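Structural overview
One letter stands for each residue in the lines below.
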Amino acid sequence: MSDSLPYAAEAEAPLSHAELNVLRKQYEREGKEEATTQTKFNYAWGLIRSKSKSDHLTGVTLFAEIFRDSPERQRECLYYLALGYYKLGEYSQARDYNSRLLELEPNNLQADSLKLLIEDAVSREGKTGLFIVGGAVAIVAALSLYVAKRRNE
């Protein structure tokens, strides 16, 4: 984790399996449909902090339910939805949720640092895409030259 991004530490600091298991057991003990909003929130938070993409997806799903069903928790959910989508590599969705949070709280340091992480990931992804496209164009050009040269012989 970069020293310049201290506030979005959750993006890189997963919970241990044991810690996540405590949250999972509480959620299951209350029952998925009957679980309190706080229990669901805690479990979703743990899933977002996991190393597993499938856990991230489940966490995002739970946060989306909380966002929809509990207006008093929407602000908190915005950050974790943005973080979850970031960890899933869905940067457009991450940017949208994070922007909504920054509209409500322009001085939110977590959201500011997450914004930088998202922008960095989008930039890296864009550069990778350019290298792939550039490589494909070079191959097509080389093949075209080869074919043209063969025809002229």
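Parameters at a glance
Residues numbered from 1 in each chain as written. Predicted model: local features only at pLDDT ≥ 70, side-chain atom pairs only at ≥ 80, totals over all residues. Heavy atoms only, no water. Salt bridge = Lys/Arg side-chain N within 4 Å of Asp/Glu carboxyl O. Helix = DSSP H or I, 4+ residues; strand = E, 2+ residues; numbered from the N terminus. Buried < 20%, exposed > 50% of the residue type's maximum accessible area, 1.4 Å probe, protein only. UniProt positions renumbered as here; feature names shortened; annotations may be inferred. Expected span 1.5 Å × (residues − 1). Arc of directions from axis to C-beta. Contact = heavy atoms within 4.5 Å.

Attention now goes to the pattern of salt bridges. Working definition: two side chains of opposite charge can pair if their charged atoms are close together. Summed over the entire model, instances satisfying the criterion amount to five salt bridges. Between R75 and E105 there is a salt bridge, with the nearest N and O atoms lying 3.0 Å from each other. A residue pair is termed long-range when its members are at least 10 positions apart, and R75 in helix α4 (residues 74-88) and E105 in the loop between α5 (91-104) and α6 (109-152) qualify at 30 residues. Residue classification places R75 among the partly exposed positions, given a relative accessible area of 34%. D120 serves as the salt-bridge partner of R124, at 2.4 Å between the closest nitrogen and oxygen. Pair noted here: R124 and D120 are both in helix α6, with a separation of four residues, about one helical turn.

Taken from the UniProt record, the annotation "repeat: TPR" (unreviewed entry) applies to residues 75-108. From the first C-alpha to the last, residues 75-108 spans 11 Å; its make-up is 82% helix and 0% strand.

The subject of this paragraph is helix α1 (residues 17-30). Given 3.6 residues to a turn, an α-helix orients residues that are three or four positions apart in the same direction. Spanning 14 residues, α1 covers 20 Å between terminal C-alpha atoms, matching the ideal 20 Å at 1.5 Å per step. Taken residue by residue, α1 has L20, L23 and Y27 as its buried positions. For α1, the arc enclosing every buried residue in end-on projection is 65 degrees, short of the 170-degree limit, so these residues lie on one face. In α1, the exposed positions angled more than 90 degrees off the buried face are occupied by H17, A18, V22 and R29. Packed against the buried residues of α1 are α2 (37-49) and α3 (53-69). Remark: G31 follows α1 within two positions and exhibits a positive phi of approximately 90 degrees.

With 14 residues, α5 should cover 20 Å at 1.5 Å per step; its first-to-last C-alpha distance of 20 Å lies within 8% of that length. Y91, A94, Y97, N98, L101 and L102 are the residues of α5 that are buried. Viewed end-on, α5 has its buried residues packed into an arc of 140 degrees, placing them on one side of the element. Turned more than 90 degrees away from the buried face of α5, the exposed residues are S92, E103 and L104.

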